Amino acid sequence: MKYYIADTHFFCTRNKRNTTLPIYRYRGFPDVDQMNAFMIRQWNAKVSQVDEVFIIGDFSDGTAEQTMQILSQLSGKKYLVAGEYDMFLMDPHFNPAMFGWIRNYAEIDDESRVVNLFHYPSVCYHDAHGGSYMLYGHIHDDLVSQGIIERAEADIKNFRGTKFYKNHIINCFCAYSNFVPMTLDEWTVNNQKRRQQMQLQMQKDYPHE
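All figures in this text were calculated on a predicted structure; none of them were measured in a lab. (Residues numbered from 1 in each chain as written. Predicted model: local features only at pLDDT ≥ 70, side-chain atom pairs only at ≥ 80, totals over all residues. Heavy atoms only, no water.)

Asker: Break down the sheet that holds strand S7 (residues 133-136) for me, citing the residues and quoting the values.
Answerer: Strand order in the open sheet made by the four strands is S5-S6-S7-S8, with mixed pairing throughout. Unpaired on one side and paired on the other, strand S5 (105-110) and strand S8 (169-171) mark the two borders of the sheet. Going from strand to strand, the sheet's axes swing by 25° on average, the running direction of each strand aside. Note: S7 against S8, three bridges, orientation parallel. For Met 134, the partnering residue across the bridge sits in S8 and is Ile 169. (Pairing = 2+ DSSP bridges. Helix = DSSP H or I, 4+ residues; strand = E, 2+ residues; numbered from the N terminus. Axes fitted to C-alpha atoms, helices over the stretch in contact; angles between N-to-C directions.)

In structure tokens:
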């Protein structure tokens, strides 16, 4: 089974942008150790040793040694699409063989579906008009994600009427799945539900627009 997840940020003690709260507190944990432990439990409750997990960037803010310690506790074969905070990759003490591969961008096949993996959202990706998927991370805000989709939809419609699959651009931010890696089908349903809930909330907040 193939699973996907983004932006776990193990060992992250930075404040969430534009707030005075560290990321672990913003996620509801009293300290970073409890955040790490919870994410490990969530991962291993879903993933078996024979499964594959594609991490779409910002896996760990920790050192090489800390990151390898986490990787050794996580089930499955793991692949990394690097994010900007994966600085452990620059440490010569890190063992890259702990991942099946490490890339900046990847295209994989998932049950005959083309899946593009890139940490940063992109509205132009391989075979978008043919129904391929773009799975990304980096963005921790649904309103920003929705804006990206709307911009992509407008651009695609202006390009010779090309068909646009708005539900195929999916933010795999770990908090959206309660820190559980999910399949492509699960992320698709998750994405649709989040977008519907956001649209209903916007209609409630701005009824005359």
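More follows now that the structure is in view.
Asker: An account of helix H2 (residues 32-46) is needed here, citing residue identities and associated values.
Answerer: Here H2 contains 15 residues, and its C-alpha end-to-end distance of 22 Å stays within 8% of the 21 Å for a straight helix at 1.5 Å per residue. Residues of H2 that are buried: Val 32, Met 35, Asn 36, Phe 38, Met 39, Ile 40, Gln 42 and Trp 43. Elements that come into contact with the buried residues of H2 comprise strand S1 (2-5), helix H1 (23-26), strand S2 (52-55), helix H3 (64-73) and strand S3 (77-81). The opening residue of H2 is Asp 31, an N-cap whose side-chain oxygen sits 3.2 Å from the backbone nitrogen of Asp 33. (Expected span 1.5 Å × (residues − 1). Buried < 20%, exposed > 50% of the residue type's maximum accessible area, 1.4 Å probe, protein only. Contact = heavy atoms within 4.5 Å. Polar contact = N/O pair within 3.5 Å; in protein donor to acceptor, adjacent residues only side chain to side chain.)

Asker: Tell me about the pattern of salt bridges, residues and numbers included.
Answerer: Going through the model one piece at a time under the given rule, you end up with six salt bridges. Note that Arg 14 and Asp 61 form a salt bridge whose closest N and O atoms lie 3.0 Å from each other. Here Arg 14 is found in the loop between S1 and H1, whereas its partner Asp 61 is found in the loop between S2 and H3, with 47 residues between them in sequence. Owing to a relative accessible area of 29%, Arg 14 belongs among the partly exposed residues under this scheme. (Salt bridge = Lys/Arg side-chain N within 4 Å of Asp/Glu carboxyl O.)

Asker: Tell me what's going on with the packing of aromatic side chains, and back it up with residues and numbers.
Answerer: One pass over the full model with this rule turns up 14 aromatic pairs. With a centroid separation of 5.1 Å and an interplanar angle of 50°, the aromatic rings of Tyr 79 and Trp 101 are classed as tilted. Residue Tyr 79 is located in strand S3, and its partner Trp 101 is located in the loop between S3 and strand S4 (102-103); the two are separated by 22 residues in the primary sequence. For the pair Tyr 79 and Trp 101, one class covers both residues: buried. Relative to Phe 94, the ring of Phe 88 has its centre 4.9 Å away and its plane inclined at 65°; by these criteria the two rings are edge-to-face. Neither Phe 88 nor Phe 94 differs from the other in exposure class; each is buried. The rings of Phe 10, Phe 59, Phe 88, Phe 94 and Phe 99 are connected pair by pair, giving a single aromatic cluster. Between Arg 14 and the ring centre of Tyr 85, over which it is positioned, the NZ or CZ distance is 3.8 Å. Here Arg 103 stacks its cationic end above the ring of Trp 101, 4.2 Å away from the centre of that ring. (Phe/Tyr/Trp six-rings, centres within 6.5 Å; stacked < 30°, edge-to-face > 60°. Lys NZ or Arg CZ within 6 Å of the ring centre and 35° of its normal.)

Asker: Break down the nonpolar core for me, citing the residues and quoting the values.
Answerer: It is characteristic of soluble globular proteins that their nonpolar side chains tend to be buried jointly. Of all hydrophobic cores here, the largest spans 46 residues; its most connected members are Tyr 4, Phe 59, Leu 117 and Leu 135. Examining the composition of this core, we find that six residues originate from one element, H2, more than from any other. One finds Tyr 125, Tyr 136, Ile 139 and Ile 169 within the second-largest nonpolar core, a separate group that totals six residues. (Core = buried A, V, L, I, M, F, W, Y, C linked by side-chain atoms within 4.5 Å.)

Asker: Tell me about the sheet that holds S2, and please be specific about residues and values.
Answerer: If you walk across this open sheet you meet the four strands as S1-S2-S3-S4, and the pairing is parallel. In this open sheet, the two edge strands, each paired with only one partner strand, are S1 and S4. Across four bridges, the pairing between S2 and S3 is parallel. Residue pairing across strands places Glu 52 opposite Lys 77, the latter belonging to S3.

Purely geometric numbers; function is a separate question.
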